[in-house]
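Here are the chains, one letter per residue:
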Amino acid sequence: MRQGGGVLPVVIFGAKLRPDGTAARTLRCRVEAAHAFGRQHGPVVYMPTGGPSWPSGLTEASVMARLLLDAGAAPGSVLVEDTAPDTLASVIACTRLLRATGHAGPVAVASSAYHLPRCLVLMRMMGWRVRRVPPPPVPAARRWGRRWFWRLREGAALPWDVLLLVLWRLRAGRDGD
């Protein structure tokens, strides 16, 4: 990636895999939305993020990378971050990876509609100018009760992750990270 622009990174936040290691509907929809955005706004580099999933041992990021390649993304356009076990860790790991490549421009962020606000806030807190990738046109959950569960969970997770990120940044600044 060239510093300050040129190629737009599209960070795709993971979602739990099925026990056999295949992508569940939520993950497939996130990848499809990111790929559609990339085709319209190229050149992009896709950055799927998400660590190992139990019991398969596969990573969310590697499964997303395979989905992107199967959909026609060029092999050189996928930069995998496969260590992060959760959203906050993904934000930190992707920031490190982007900085290591010298990227200083905007970053596009892809996830489901219920999860996207938290991802955008956390990436902004890390100093990125963010572009919102339009979320998948279908809800992540089909049942009404399940959709509300995820919305309420995000309502609690957002302030918690903001607090944890503030503490991490204070510690990182003190330790010279």
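First, a word on scope: everything that follows refers to the structure included in this document. Keep in mind that what you see is a predicted model, and the values were worked out from it rather than measured.

**Points about helix H3 (residues 87-100)**
Every α-helix winds through 3.6 residues per turn, so residues three or four apart in the chain are directed the same way. For H3, spanning 14 residues, the distance from its first C-alpha to its last is 20 Å, which sits close to the expected 20 Å at 1.5 Å a residue. The set of residues buried in H3 consists of Thr87, Leu88, Ser90, Val91, Ile92, Ala93, Cys94, Thr95 and Leu98. The opening residue of H3 is Asp86, an N-cap whose side-chain oxygen sits 3.3 Å from the backbone nitrogen of Leu88.

**With respect to the packing of helix H1 (residues 25-41) against helix H2 (residues 60-70)**
Where H1 meets H2, the closest approach of the two axes is 10 Å, and the angle between their N-to-C directions is 50 degrees. One finds that H1 runs oblique with respect to H2. Our pair here, H1 against H2, has a crossing hand that is right-handed. Between H1, through Leu27, Arg28, Val31 and His35, and H2, the contact on the second element is made entirely by Glu60, Val63, Met64, Leu67 and Leu68. Class assignment for the residues of the contact of H1 with H2 results in six nonpolar, one polar and two charged.

**Points about the environment of Trp128**
Relative to the elements of secondary structure, Trp128 occurs in the loop between helix H4 (116-125) and strand E4 (130-132). A polar contact of 3.0 Å, which involves the side chain of Trp128, links it to the side chain of Thr95.

**Brief notes about the layout of surface pockets**
Taken as a whole, the largest pocket spans an internal volume of roughly 780 Å³. Residue lining of the largest pocket: 31 residues in total, with Ala15, Lys16, Thr26, Tyr114 and Trp150 positioned closest to the centre. Only H1, H3 and helix H5 (144-175) provide two or more residues apiece to the lining of the largest pocket. With five residues, the single largest contributor to the lining of the largest pocket is H5. Residue composition of the lining of the largest pocket, by class: 12 nonpolar, seven polar and 12 charged.

Criteria and cut-off values
Residues numbered from 1 in each chain as written. Predicted model: local features only at pLDDT ≥ 70, side-chain atom pairs only at ≥ 80, totals over all residues. Heavy atoms only, no water. Helix = DSSP H or I, 4+ residues; strand = E, 2+ residues; numbered from the N terminus. Expected span 1.5 Å × (residues − 1). Buried < 20%, exposed > 50% of the residue type's maximum accessible area, 1.4 Å probe, protein only. Polar contact = N/O pair within 3.5 Å; in protein donor to acceptor, adjacent residues only side chain to side chain. Axes fitted to C-alpha atoms, helices over the stretch in contact; angles between N-to-C directions. Parallel < 35°, antiparallel > 145°, perpendicular 65-115°, else oblique. Left-handed = near helix turned anticlockwise from the far one by under 90°. Contact = heavy atoms within 4.5 Å. Nonpolar A, V, L, I, M, F, W, Y, C, P; charged D, E, K, R; others polar. 1 Å grid on protein atoms, 1.4 Å probe; cavity = no way out; pocket = protein on both sides within 12 Å on 5 of 7 lines; lining within 4 Å. Points joined across faces, edges and corners; volume = space filled by probe spheres on them.

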